[in-house]
Amino acid sequence: MIAHDTHLQIGSLLFEGLDQIDLTGPFEVLSRIPNSTYRVYGKTAEPVRDVKGLRLTPDAALADAPQLDVLHVPGGFGQEALMEDHDVLGWIARQAAGARSVFSVCTGALLCGAAGLLKGRRATTHWASFHLLPLYGAIPVNERVVLDGNWVFAAGVTAGIDGALRLAAELRGDDAARAIQLYMAYAPEPPFDSGTPETAPAAILAQARQAVAGITAQREATARRAAARLGIAVPAIAIA
């Protein structure tokens, strides 16, 4: 836990085609962390749209961000377009090097991997890309939230809320996180037990995998190029 009188600079990466819940779910938590400033940073200060068209505007461009105490990297389909963007990857690497905590949500983990930051780390990501983590040198852990030192990894989409609460507890203590959770009335009771590949009906899972087959293939090709660039031996991978 960090002393409460230490002000924290918290920042999230924003990009075209992200999944807004990867950003806005954690925002509900991170923006309420006591004695902190929360900002959103994009490649430019121009608005972008999420994968379903929601318009979002950064507070500032990446170049104008201070050194962050907490770096939040969301995911979504648009992550793929940044996987070989040296400006963005360099920014992630520099910010991570000076941050007290790094928090990735969903396929934000792949961006961190492309920046060379996952080697030897226990990590998770969205179920459709989970099998790609070894290509970035990560140790895949099939859990909703994974902690590795000062890193917090959240799996797919809504797991970002859980991960952000865990991060809030790491930064300001359990009671601060509990107070944020209570304010949010975060007590999920999903109507169906279909939120993971292990619990979803086989037909639903097959349909979901087919729906993301194209982007998954792109992500694998990109991951293999990244593995070659990062000097990581390419393991045999298989979709669970």
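This write-up is about the structure you can find in this document. (Residues numbered from 1 in each chain as written. Predicted model: local features only at pLDDT ≥ 70, side-chain atom pairs only at ≥ 80, totals over all residues. Heavy atoms only, no water.)

Let us look at the overall build of the protein. Counting its secondary structure elements, the protein contains seven helices and eleven strands. The C-alpha atoms of the protein give 17 Å as radius of gyration, which agrees with the globular expectation for 240 residues (18 Å, within 12%). With the principal axes as the frame, the protein shows a C-alpha extent of 50 × 40 × 35 Å. Taking all 240 residues of the protein together, 51% fall into the buried category. Taking all contacts inside the protein whose residues are at least 6 apart in sequence as the whole, residues at least 24 apart take part in 68%. Of the roughly 11000 Å² of accessible surface on the protein, a fraction of 55% belongs to carbon and sulfur atoms. (Helix = DSSP H or I, 4+ residues; strand = E, 2+ residues; numbered from the N terminus. Rg over C-alpha atoms; globule rule 2.2 N^0.38 Å. Buried < 20%, exposed > 50% of the residue type's maximum accessible area, 1.4 Å probe, protein only. Contact = heavy atoms within 4.5 Å. Areas by Shrake-Rupley, 256 points an atom, 1.4 Å probe, with all protein chains shown as cover.)

Our focus in this paragraph is the nonpolar core. Ranked by internal contacts, the top residues of the largest apolar core, which has 71 residues, are L13, W91, I92 and L111. Here the element with the most residues in this core is helix α4 (residues 159-172); it accounts for eight residues. In this structure, L13 is in contact with L18, L23, Y41, L62, H72, V73, P74, V88, W91, I92 and L111, ignoring residues within four places of it in sequence. (Core = buried A, V, L, I, M, F, W, Y, C linked by side-chain atoms within 4.5 Å.)

Turning our attention to the sheet that holds strand β7 (residues 101-105). The strand order across the open sheet formed by seven strands is β5-β2-β1-β6-β7-β11-β10, and the pairing between neighbours is mixed. The open sheet has two edge strands, β5 (60-61) and β10 (145-148), and neither has a second partner. Note: β10 against strand β11 (residues 151-154), four bridges, orientation antiparallel. Each residue of the ladder has a partner; that of D148, found in β11, is W151. Its contacts with the sheet put helix α2 (residues 86-98) on β1 (8-13), β2 (36-42), β6 (70-73), β7 and β11, and the angle it makes with β6 is roughly 145 degrees. (Pairing = 2+ DSSP bridges. Axes fitted to C-alpha atoms, helices over the stretch in contact; angles between N-to-C directions.)

Its identity is not glycine, yet C106 carries a phi of approximately 55 degrees, on the positive side. Structurally, C106 is set in the loop between β7 and α3 (108-114).

This paragraph deals with the pairing of β2. Among the seven residues that make up β2, five are buried, leaving the element largely enclosed by the rest of the structure. For β1 and β2, the ladder comprises six bridges, and the chain directions are parallel. By the bridge assignment, I10 is partnered in β2 with Y38. As judged from the two bridges shared by β2 and β5, these two strands associate in the parallel manner.

Moving on: the environment of T107. By secondary structure assignment, the location of T107 is in the loop between β7 and α3. Separated by 88 residues in the primary sequence, T107 and D19 have C-alpha atoms spaced 9.6 Å apart. With residues up to four places along the chain from it excluded, the contact list for T107 reads G75, G76, Q79, T125, H126, S129 and R219.

This next bit is on the packing of aromatic side chains. Overall, the coordinates contain three aromatic pairs when judged by the stated rule. Taking 5.4 Å as the distance between ring centres and 20 degrees as the angle between the ring planes, the aromatic pair formed by W151 and F153 counts as stacked. Comparing W151 with F153 shows no difference in burial state: the two are buried. (Phe/Tyr/Trp six-rings, centres within 6.5 Å; stacked < 30°, edge-to-face > 60°.)

Between side chains of opposite charge, a pair can form as their charged atoms come close. Summed over the entire model, instances satisfying the criterion amount to eight salt bridges. Across the pair E28 and R32 runs a salt bridge whose closest N-O atoms are separated by 2.7 Å. A salt bridge links E220 to R224, with the shortest nitrogen-to-oxygen separation between them at 3.2 Å. Of this pair, E220 and R224 both sit in helix α7 (residues 213-230), separated by four residues, roughly a single helical turn. Since its relative accessible area comes to 24%, E220 is described here as partly exposed. (Salt bridge = Lys/Arg side-chain N within 4 Å of Asp/Glu carboxyl O.)

With that settled, the discussion passes to the side chain of D148. Following the sequence through the fold, D148 ends up in strand β10. The buried category is assigned to D148, whose relative accessible area is 16%. Of note is the side chain of D148, whose polar atom sits 3.2 Å from the side chain of R121. (Polar contact = N/O pair within 3.5 Å; in protein donor to acceptor, adjacent residues only side chain to side chain.)

Counted at 1.5 Å a residue, the expected span for α7 with its 18 residues is 26 Å, and the 25 Å between its end C-alpha atoms agrees. Those residues of α7 lying buried are I215, T216, R219, T222, A223, A226, A227 and L230. Buried residues in α7, looked at end-on, bunch into an arc of 145 degrees, giving them a common side. Residues of α7 that are buried make contact with α3. Within two residues after α7, G231 carries a phi angle of roughly 70 degrees, on the positive side. (Expected span 1.5 Å × (residues − 1). Arc of directions from axis to C-beta.)

Just geometry here; none of it tells us what the structure is for.
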